[in-house]
Amino acid sequence: MNHWNVEYYSNDESMWLECSNDFFSLSDAIRCMRLHAENDPEMAHRIVHIEIKRKTIALSAYGEELVK
């Protein structure tokens, strides 16, 4: 089963921190990432596919989306 999560990069902590619950739909996770990125465009946000190995799916920084 696919699980997605939205994270942001905290310069204070020097690491990625979760800012959402798990999503079962990628489109819901993208919507959440866009909402968080609009509210704080100076912080980088990303969507992570949660499995045995974590993988970044999308990244938003400085108001732009960078899809991997």
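Residues numbered from 1 in each chain as written. Predicted model: local features only at pLDDT ≥ 70, side-chain atom pairs only at ≥ 80, totals over all residues. Heavy atoms only, no water.

> Tell me what's going on with the overall build of the chain, and back it up with residues and numbers.
A tally of regular secondary structure across the chain gives 1 helix and 5 strands. Secondary structure elements of the chain occur, N-terminal to C-terminal, as β-β-α-β-β-β. The 68 residues of the chain split such that 29% are buried. Restricting to contacts in the chain with at least 6 residues of sequence separation, those with at least 24 account for 35%. (Helix = DSSP H or I, 4+ residues; strand = E, 2+ residues; numbered from the N terminus. Buried < 20%, exposed > 50% of the residue type's maximum accessible area, 1.4 Å probe, protein only. Contact = heavy atoms within 4.5 Å.)

> Just give me the short version of the pairing of strand β3 (residues 45-50), but keep the residues and values in it.
With 5 of its 6 residues buried, β3 lies for the most part within the structure. Relative to β3, strand β1 (residues 3-10) runs antiparallel, the two being bridged by 6 bridges. Paired with W4 across the two strands is H49, which belongs to β3. (Pairing = 2+ DSSP bridges.)

> Tell me about the nonpolar core, and name the residues and values.
Core analysis: the largest hydrophobic core is formed by 9 residues, namely W4, V6, F23, A29, C32, M33, I47, I57 and A58. At the level of elements, β1, α1 (26-39) and β4 (55-61) are the ones that each hand at least two residues to this core. Looking at which element gives the most residues to this core, the answer is α1, with 3 residues. Sequence-distant contacts of A29, defined by excluding residues within four places in its chain, comprise W4, V6, F23 and I47. (Core = buried A, V, L, I, M, F, W, Y, C linked by side-chain atoms within 4.5 Å.)

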